[in-house]
Structures are given as C-alpha cells and as structure tokens.
Amino acid sequence: MHFLSSVVTVLSSMALLASSYPTSFDIRDIPTTQLDDFKFWVQYAAATYCPNNYVAPDGYKPNCPVGNCPDVESADTTIKLSFSDDTITDTAGFVAVDNTNKAIIVAFRGSYSVRNWITDVTFPHIDPGLCEGCQAELGFWTAWEVIRDQIQDQLKELTSQHHDYKIVVVGHSLGAAIASLAAADLRTKGYDAILYAYAAPRVANPALAQFITQQGNNYRFTHLDDPVPKLPLLSMDYVHISPEYYITAPDNATITDADVTVLEGEVNFNGNTGTGLPDVLAFHSHVWYFIHADACKGPGLPFR
Ligand SMILES: *[C@@H]1O[C@H](CO)[C@@H](O)[C@H](O)[C@H]1NC(C)=O
C-alpha cells in the first residue's frame, strides 16, 4: 500500500513536470492541409524581397521574377499599398488583396542588414503600450511604428470593402519580427490578424510574448539551427511567441508534414532554441522555409 501510494506520488509529480516543461510527449505533427497553408503564405513573405513588389503602384499584380511565389502569381491578387522608402528603419513590404484566397495580406520584407543585426549586441527594449510590463525590441517596434498609420488606414478601407476576408500578416527573418509586433498591435485595435512568421528572431520580453501567445492565431516557424530565431538571447530578457513550428528537413529538401513539429512554450529546448548558441556559419538554415524565402533579394542595398 505504501509502495503503491509512493508510485502514485511519483507519477503525479512526473505529470506535473511534464505539463510545465514540454517533453517529447508533447510533440505533435501537423495535418497536411495546414502544411499547404504554410507553404502558401511564405510565398507572400518571399514576394516582399522583390523590388517590383515593394515599390509597386496601386493595383499592381505581385510576382517573383526568381519563380518562388507561383501560387501568389496565380491568385487574383493586387497590391494596394507598397512601402520601402523609409531610410531610418529599412521597413519595406506591401498590403495586398487576394480574392482567390479571400484575404487581406500585410507583408513585411526582411531587412537587407540581417547579418549586421546578428552581430548587434544591444537589442534595447521599448514599452509598446500593449500590456502591463510588456517590452518589445526597439528596432522592430520602431520599424512597425513608422508605417503603422498608413497600414491601418489601408486596412480600414479594405476591411470595409471585404467583410468576409481574413487578415494575414506575414514576414520572413527581420520581416517576421515586424510582422509579429504588427499582428499583436492590430489585434488590440480590433483586427483579427493571423500571423505567419518565418524565421523570426525573438521580439518580446516574457510579458509581451505571453500576451501575444494568448491572442492566438500565431504560426511561428523555425528551421534546424537557424541562428536568427536564437537572438536576442534569453539572457537579454527575450523569449518567443508560442507555439513554434519546428522544421527539421534539410536545406532545399521538400518539406512534408512529418518534418514539422509543434512545440509549445515561450522557451522550448526541443526546437531551434535547443540547437546551441547562434552560429553565423549556420546562416544557410535561415533561407530554407518551404521555399528559398529570400531568393529575390538583390546583391544588397547598403545598410542605411
Ligand atoms: C540550397 O540552394 C541554394 C540556392 O540554390 C544553394 O546556394 C545551396 O548551396 C543549396 N544547399 C544545399 C545543401 O544543397
């Protein structure tokens, strides 16, 4: 009897441990229908790297000359607003309406200065005014703030014309960081934004990350040992938005549903975070997110 009760005690404390620290038992695969969504929305993130799309006139049909956004090209989509000329924050991207998929898309380009960003050591916080005790990364929040009014004006008009369209906010790399904060902010203003963040760095302190996690509708992807999602470091008081969709397929391989696992928690060592300290030599893992996400990136604008 004593033996039995101590077994029960051990078992229940193991259950407690398992619920506070995600273990391999929590790892789940994704349904194939979701995989199709993941492979689709990254194409909008990829399209932001093509200059023709981020300097597009109203009504422009987005396209990727390098061939990595075929499903965007075949959709009935037009760009309504593009932005790129901000010299302080390097914010670029577009707002588009996709009638085929009934969506209004807000897409942010990854910065051309991502390698410089990796070697940054400061990553200061700023209070974004979204919740009590919440702190966002200063550079990403500022990048969103400079364009926020223009995007909100556009969304106001587009949502009034298309009541039944979903709002999708996407980005890859530093563009995913801006997208994460943009989605969080837009939700507080009544827009039910769905976030697809590919290869995003950490953008928030624990209070803000939990706030965004609880808002829901977050799809945040990492790939193997990509160094970018490992920054800023946990020791700098930055954590991630949960859950993490962790992609384990090798570079350039077709990604199947078995290659994507869903990991809960703002800190989870079963995914990208557990693959060691950020290594710039692993930068190749940063570009393969279902497709070669930044293939449209030119030889490089100078860091301004
Ligand atoms: C993956 O594709 C990129 C771009 O075509 C190429 O530079 C890289 O070497 C490829 N990596 C592997 C492991 O094949």
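This text goes with the structure placed above it.
Computed from a predicted structure; not experimentally measured.

Draft legend 1. Representation of the packing of aromatic side chains. Tallied over the entire structure, the rule returns 20 aromatic pairs. Pairing Phe38 with Tyr219 gives two aromatic rings, centres 5.6 Å apart and planes at 50°, and the pair type is tilted. In this pair, Phe38 is assigned in helix α2 (residues 32-47) and Tyr219 in strand β8 (residues 218-223), connecting sequence segments 181 residues apart. A single burial state applies to Phe38 and to Tyr219, both of which are buried. An aromatic cluster is built from Phe38, Phe40, Trp41, Tyr44, Phe94, Tyr196, Tyr198, Tyr219, Phe221, Tyr245 and Phe290, whose rings are joined through pairwise contacts. Taking the ring centre of Tyr54 as reference, the NZ or CZ of Arg109 above it sits at 4.6 Å. It is Arg115 that lies over the ring of Phe283; its NZ or CZ is 4.0 Å from the centre.

Draft legend 2. Here's a closer look at the sheet that holds strand β10 (residues 260-263). Spatially, the 8 strands line up as an open sheet ordered β1-β2-β3-β6-β7-β8-β9-β10, and their pairing is mixed. Both edges of this open sheet fall to β1 (77-83) and β10, since each of them pairs with a single strand only. Looking at each pair of strands side by side, their axes are set apart by 20° on average, direction ignored. Bridge count between β8 and strand β9 (residues 244-247): 4 bridges; the pairing is parallel.

Draft legend 3. The arrangement of the packing of helix α7 (residues 174-188) against helix α8 (residues 206-215) in detail. Packing of α7 against α8 brings their axes to within 10 Å, and their N-to-C directions diverge by 65°. With respect to α8, the axis of α7 lies roughly perpendicular. When the axes of α7 and α8 are compared, the crossing they make is left-handed. Across the interface between the two elements, Ser180, Leu181, Ala184, Arg187 and Thr188 of α7 pack against Leu208, Phe211, Ile212 and Gln215 of α8. When the residues that make up the contact of α7 with α8 are grouped by side-chain class, the tally is 5 nonpolar, 3 polar and 1 charged.

Draft legend 4. A look at the state of the cysteines. A complete count under the given rule lists 3 disulfides for this structure. Shown here is the disulfide that connects Cys131 with Cys134, its sulfur atoms set 1.7 Å apart. Around the S-S axis, the bridge from Cys131 to Cys134 shows a dihedral of about -100° and counts as left-handed. Like Cys134, Cys131 is buried. In the protein chain, the cysteines engaged in disulfides, taken in order along the sequence, are linked 1-6, 2-3, 4-5.

Draft legend 5. The pairing of strand β6 (residues 166-172), seen in detail. Of all 7 residues in β6, 6 are buried; the element is thus mostly enclosed. Pairing analysis gives 6 bridges linking strand β3 (residues 103-108) to β6, with the strands arranged parallel. Among the inter-strand pairings, Ile104 is bridged to a residue of β6, identified as Ile167. As judged from the 6 bridges shared by β6 and strand β7 (residues 193-198), these two strands associate in the parallel manner.

Draft legend 6. Expanded view of the side chain of Asp98. Mapped onto the secondary structure, Asp98 falls in strand β2 (residues 93-98). Summary of buried charges: Asp98 has no salt-bridge partner, and the nearest side chain of opposite charge, Lys61, is 8.4 Å away. A distance of 3.0 Å separates a polar side-chain atom of Asp98 from the backbone nitrogen of Thr100. Aside from chain neighbours lying at most four places away, what touches Asp98 is Phe40, Tyr44, Ala75, Asp76, Thr77, Ala103, Ile105 and Tyr165.

Draft legend 7. Expanded view of the nonpolar core. Ranked by size, the top nonpolar core spans 52 residues in total, and within it Phe108, Trp144, Ile151, Val169 and Leu208 carry the most contacts. The element that contributes the greatest number of residues to this core is α7, accounting for 10 residues. Sequence-distant contacts of Ile151, defined by excluding residues within four places in its chain, comprise Leu81, Phe83, Val95, Val106, Phe108 and Trp144. Within the second largest apolar cluster, 42 residues are counted, among which are Trp41, Tyr196, Tyr198 and Phe290.

Conventions used here
Residues numbered from 1 in each chain as written. Predicted model: local features only at pLDDT ≥ 70, side-chain atom pairs only at ≥ 80, totals over all residues. Heavy atoms only, no water. Phe/Tyr/Trp six-rings, centres within 6.5 Å; stacked < 30°, edge-to-face > 60°. Helix = DSSP H or I, 4+ residues; strand = E, 2+ residues; numbered from the N terminus. Buried < 20%, exposed > 50% of the residue type's maximum accessible area, 1.4 Å probe, protein only. Lys NZ or Arg CZ within 6 Å of the ring centre and 35° of its normal. Pairing = 2+ DSSP bridges. Axes fitted to C-alpha atoms, helices over the stretch in contact; angles between N-to-C directions. Parallel < 35°, antiparallel > 145°, perpendicular 65-115°, else oblique. Left-handed = near helix turned anticlockwise from the far one by under 90°. Contact = heavy atoms within 4.5 Å. Nonpolar A, V, L, I, M, F, W, Y, C, P; charged D, E, K, R; others polar. Disulfide = S-S within 2.5 Å. Lys, Arg positive; Asp, Glu negative; His and termini not counted. Salt bridge = Lys/Arg side-chain N within 4 Å of Asp/Glu carboxyl O. Polar contact = N/O pair within 3.5 Å; in protein donor to acceptor, adjacent residues only side chain to side chain. Core = buried A, V, L, I, M, F, W, Y, C linked by side-chain atoms within 4.5 Å.

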